[in-house]
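Residue-level structural notes
What follows is the residue order along each chain.
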Amino acid sequence: MTADPNLLYSEIEEELRASVRDLLADHSPVSAVLARIEGSDGYDPALWRKLAADLGAAGLQVPESHGGAGASLRETAVVLEELGRSVAPVPFLGSAVLATTALLLAGDDAVRSLADGSRTGTLAVPFSTAPFSTAPGRPFTSSVTLGPGGTLSGRVTSVADARSADLLVVPAADGSLHLVETGYELTARTSLDLTRPLADLTFDRTPARPLTADPAVLAHTLLTGAGLLASEQLGIAEWCLTSTVGYLRERRQFNRPLGSFQALKHRLADLWLDVVGARAAARSAADALATASADAPVAVAVAASHCGTAAVRAAEECIQLHGGIGMTWEHPAHLYLKRAKADHLALGTPAHHRAVLAELVDLPA
Amino acid sequence: MSTASIEELRSRTRALLSEHDPATTDPLDFLRARFDAGLAWVHFPVGLGGLGAPRALQAAVDAELAAADAPDNDPRRIGIGLGMAAPTILRYGTAAQQARWLRPLWTGEEVWCQLFSEPGAGSDLAALATRAVPSAEGVWTVDGQKVWTSSAHTARWAILIARTDPALPKHQGITYFVCDMTDPGVEVRPLRQITGEAEFNEVFLTGVRIPDSHRLGAVGEGWQVAQTTLNNERVSIGGQRTPREGGLVGIVSDTWRSRPELRTPELHQRLLKHWVDAEVLRLTGERLRQQLTVGQPGPEGAGTKLGFARLAQELTGFEVELLAEEGLSYDDWTMVRPELVDFNGREAGYRYLRAKGNSIEGGTSEILRNIIAERVLGLPAEPRTDKDVPWKDLAQ
């Protein structure tokens, strides 16, 4: 039996949340995000520097001995909540979560440059890649093959956070991981999520440095990503609920605030319950991952299944309950819907996570 | 002693156990001794079964007593007394009332029931029509009808709200009493439910004479007093941990595992969704419990009952369907009058029908959604047409 998860926020985590929230409010208000998506790559390098280097958010899960803050994935999850709440256009998930986790598990010193925010990286897999089991019969599939001299060849599509990346952690077909810094071709995609650009990567005898031959590293990296993405989804859902409540308190129709109509109040109460559940589930996953609990795969599957659905529902309700204005480009609600729907597919859909859960808790088809 | 440390509580508990060995002491005597030692509900005042200690410390006492196999006061059977009557008596009762009622309430010697709901006043509780009028010196005479009264057939006492001034708007002019269920004029009739059993009652009050010394709070202040009762009804007991797959979801999961012939792909998808919902609800309750432990209660409590009702209804409906042909049968339509209600007891058909009450009893899901929307989310109330109208002028 594993220890009970700690589902609360520590004082340090609340202080971190306040710092991140202040920084985002000052340097990345939603109006600025709306303006930025018209630009070339959508990212905000200045914001990333402040968040990653000045605040030290990029190295939260990295031990101090490797140039990080020596905190844990619990704190990393709190940052993701705030980034979800603000749909901030920064490569935190790709760099501080996916690439950093892989490099830490592989024991590679390249993690230092990610931890201090001087460089960013990402994991070169399609963003829709679900965590897989390392058990026999459930291998990872990739079209990237290993060639002479450890070079890589092949193509990976729809990679998140690749456009701003200085280094790539690239899985080969056998699940081994390789570090790539140059010598590949990057083609930008037009993404559904305007605040998290995607790109296709082509490797053709691209020089690479082997990181690990153990496919469990990739499996655990994807599990960590899926588990922490739940915290981002919680942040998205919270913003959608809060802004919808705020709008319905102000907006008057039929000579009453819209929020006084019971039909709408009940929808928001149900949504609130979804968000409350998302917080408990996301905290459970973050704590299980941070403490390397044996229960982590179940906690992640539960959180990913619930939070992915909750975020999309919250964003869809947000659009609907804002009425006409919710359908406009100038109102930020669409940024959240696009992030929520992309996240719904990212790192395994809720349906995929439920199928994984069926095996984990012995409820076979 | 106004405060107590966890160590003091443990040593007091050990002293109780050594003076009253649970193996040789009569269970009721033990419970009385526990009350007198202040270990019944440690957050209550000294002399009333407590030590004025933080509520969270109760768990340490309970664990120590459970380990020693000490008798339990069966909080499920006497839940209304413990959860609703006691906090109200503590807040509004006189010293004499507290001394008379709290000890036998806690030990379970006297069972309590709640005479609030009426045929015409369910979710709109303040519309109640039961009348209490002053008759002889210091005596009220009560006439009316109450409904959905759990345990009325075993209860010694009832908490009762009645209208004492019909000329005032409906939330005013209500007074809160304690009614002796053995008095002449109190008639309890079983109310048979859709499950076939009679878990609740109708209670007819005809010329019931209640002494003024059994009034809780001021005349006309009954609505405020009742809020204490109702808020406590919805407070999570706390300290109780549900294991994963506890309750209904465990029953259904076990059926799934042991009966592969019942499985279909469509049912598999639904089962997994319910399983996740159950686990998320469990984690929500666990998070609330952790918040209470550190003294930071969150608003999640308002949502757990709402979530529980929805999940119970979905799961029990699923179970009947999963059982296929067996789902067409029912175990027993004979009318029985249980003292204890176990939502999970009996068979799938019973569970399905009983779960329909989960979204009605103890505050309907609609009222809970209003509470969440207004008190947690801060949305405005619906316009009210009945607020300032004298009760007697409202459409009855």
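What comes next is a walk through the structure.

Details of the interface of chain B and chain A
Contacts between the two partners involve 41 residues from chain B, matched on the other side by 44 residues from chain A. Summed over both sides, the interface of chain B with chain A buries roughly 3800 Å², with 67% coming from carbon and sulfur. Counting the surface chain B buries against chain A, the share from its top three residues, R287(B), L377(B) and L379(B), is 16%. For R244(B), the salt bridge is made with D295(A), and the minimal N-O distance between the two is 2.8 Å. Seen at the junction of chain B and chain A, the total is 18 residue pairs in polar contact (both at pLDDT 80 or more). At the level of secondary structure, the elements contributing two or more residues to the side of chain B that touches chain A comprise α7 (248-258), α8 (265-293), α9 (301-322) and α11 (365-376) of chain B. With 14 residues, α8(B) is the largest single contributor of residues to the side of chain B that touches chain A.

A closer look at the environment of V142(B)
Residues and elements named next belong to chain B. Position of V142 relative to the elements: it lies in strand β3 (residues 139-147). In sequence terms V142 and L205 are 63 residues apart; their C-alpha atoms lie 6.5 Å from each other. Residue contacts for V142: discarding those within four places in its chain leaves T130, R131, A132, L160, L205, T206, G207, V208 and I210.

Observations regarding the side chain of T88(B)
With respect to the helices, strands and loops of the structure, T88(B) is situated in helix α4 (residues 79-92). Not counting residues within four places of it along the chain, the set of residues in contact with T88(B) comprises G93(B), Y176(B), L216(B), V225(B), T228(B) and T229(B).

Considerations on the sheet that holds strand β8 (residues 209-212) of chain A
Residues and elements named next belong to chain A. The sheet built from four strands is open, its strands ordered β1-β4-β5-β8 with mixed pairing. Taken across any chain shown, the strands that pair with only one partner, and hence form the sheet edges, are β1 (121-123) and β8. Ignoring which end each strand starts from, the neighbouring axes of this sheet average 25° apart. Bridge count for strand β4 (residues 167-171) against strand β5 (residues 177-180) is four bridges, and the pairing is antiparallel. The residue bridging P171 from the neighbouring strand is L177, located in β5. The sheet strands contacting helix α5 (residues 92-106) are β1, β4, β5 and β8, and the helix crosses β1 at an angle near 75°.

The rules behind these values
- Residues numbered from 1 in each chain as written.
- Chains lettered and ligands numbered in written order.
- Predicted model: local features only at pLDDT ≥ 70, side-chain atom pairs only at ≥ 80, totals over all residues.
- Heavy atoms only, no water.
- Contact = heavy atoms within 4.5 Å.
- Buried area = accessible area lost by both parts, 1.4 Å probe.
- Salt bridge = Lys/Arg side-chain N within 4 Å of Asp/Glu carboxyl O.
- Polar contact = N/O pair within 3.5 Å; in protein donor to acceptor, adjacent residues only side chain to side chain.
- Helix = DSSP H or I, 4+ residues; strand = E, 2+ residues; numbered from the N terminus.
- Pairing = 2+ DSSP bridges.
- Axes fitted to C-alpha atoms, helices over the stretch in contact; angles between N-to-C directions.

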